[in-house]
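# Chains, contacts and geometry: an overview
Spelled out from the first residue to the last, the chains are:
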Amino acid sequence: MVTAGCTSQPPNFSPKLVNYVPHLTSEEMEGKITTSTFALQQPRCVFNKLVNATDVIWLVVALSDAIKSFKAPKTPEALPYQSFRKNYFYMTLNTTVSNYPCPEKSNDITILRVGSETECVVDPSRPDCNGPLAGPGPYRVRFLAMNSTGVIIKESKWSDPIRLIQGRNPDRIVVKPRRRRTETNVIISILSILSAILLAALIAAFIYKYSSICDKPMSADFVPREDPTVVRYIVH
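Since the structure is predicted, the reported quantities are computational estimates derived from the model, not experimental observations. (Residues numbered from 1 in each chain as written. Predicted model: local features only at pLDDT ≥ 70, side-chain atom pairs only at ≥ 80, totals over all residues. Heavy atoms only, no water.)

## Points about the overall build of the protein chain
- Looking only at helices and strands, the protein chain features two helices and seven strands.
- Seen in sequence order, the protein chain has helices and strands lined up from the N terminus as β-β-β-α-β-β-β-β-α.
- Per-residue burial for the protein chain yields a buried fraction of 33% across its 236 residues.
- In the protein chain, once contacts between residues fewer than 6 apart in sequence are set aside, the share between residues at least 24 apart is 74%.
- For the protein chain, the accessible area works out to roughly 16,600 Å², and carbon and sulfur atoms hold 57% of it. (Helix = DSSP H or I, 4+ residues; strand = E, 2+ residues; numbered from the N terminus. Buried < 20%, exposed > 50% of the residue type's maximum accessible area, 1.4 Å probe, protein only. Contact = heavy atoms within 4.5 Å. Areas by Shrake-Rupley, 256 points an atom, 1.4 Å probe, with all protein chains shown as cover.)

Dropping the structure here:
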C-alpha cells in the first residue's frame, strides 16, 4: 500500500472532476454482491493521462445519504475504516496508476473487491483497511487521485447506489405448512390400508383352500396298503 503525505487541501482549491462513474464489474461472476462485499470494475484508462506516476489513487466508500456532506480530508488517515460508523466515509485500496494499466489485456484481473479484508478491522495502524461492510447500505463510491503532497487533484463522479444482499431476520420468517408432505402422508396411509386388505384376503384364501382339503371324506374304494412281509432265510 502507498501512503500519501499529510498536507491539507489548499484554500479554495477544487479537484478537477473526471467524467467517470464507478460501477460494479461487468463480468458474469458469482458473488458480485454479497452481504458484506461488492466487486467494482477497476478504473482502467481513467487516470492514466491525468496524473503522475507517483500520485496515488484512492477509493472513497460512503453511505449513499451522506455524499452531499463529503469534504476532501486533510489526510487519508482522517477517514479510517475503523470510524466508518461515525464518519460515514472511509478511504481504502490506495495504489498508483501503474496498477490500472491501459489498455487492459484479455487475461488481466480487472476487479476490485470492496470489503475483502478481515484481519485489519480493529487495527488502528491500518486506517486504509478494506474491511467488510456491516450493513446492506446502500453505498456509493468514488475514486480520488492524490499527489505526493497529499493534495487531491482529480476525482471521479459518485457511483450509483449499491445495495448489499440482506439476510432475512429469523423472527420474521413465517413457517407455512408443507402441503406436499401432508399429501404424501395421505397416499402412504391409503397404500398401507390396501396392502393390509390384500394380505388379509390372501390369508383367508389360503385358510379356505387347505381347510377344504382336510374336511374331504375318505373314498370307500380306498384299500389300506398292507405292510410288506419280510422273509428271513436261515442259512445252514
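## Details of the state of the cysteines
- By the definition in use, this model includes two disulfides.
- Disulfide pairing is shown between Cys 45 and Cys 102; the S-S distance is 1.8 Å. Residues Cys 45 and Cys 102 are joined by a disulfide whose S-S torsion is about 100 degrees; by sign, that bridge is right-handed. In this pair, Cys 45 is assigned in the loop between β2 (38-41) and β3 (56-63) and Cys 102 in the loop between β4 (89-96) and β5 (111-114), connecting sequence segments 57 residues apart.
- Overall, the relative accessible area of 41% leaves Cys 45 in the partly exposed class. (Disulfide = S-S within 2.5 Å.)

## Describing the packing of aromatic side chains
- Counting across every chain of the model gives six aromatic pairs.
- Judged by centre distance (5.2 Å) and plane angle (85 degrees), the rings of Tyr 81 and Tyr 90 are edge-to-face. Assigned by exposure class, Tyr 81 and Tyr 90 land together as buried.
- With centroids separated by 5.0 Å and ring planes inclined at 80 degrees, the aromatic side chains of Phe 84 and Tyr 90 adopt a geometry described as edge-to-face.
- Every member of this aromatic cluster is reached through a ring pair, and the members are Tyr 81, Phe 84, Tyr 90 and Tyr 139. (Phe/Tyr/Trp six-rings, centres within 6.5 Å; stacked < 30°, edge-to-face > 60°.)

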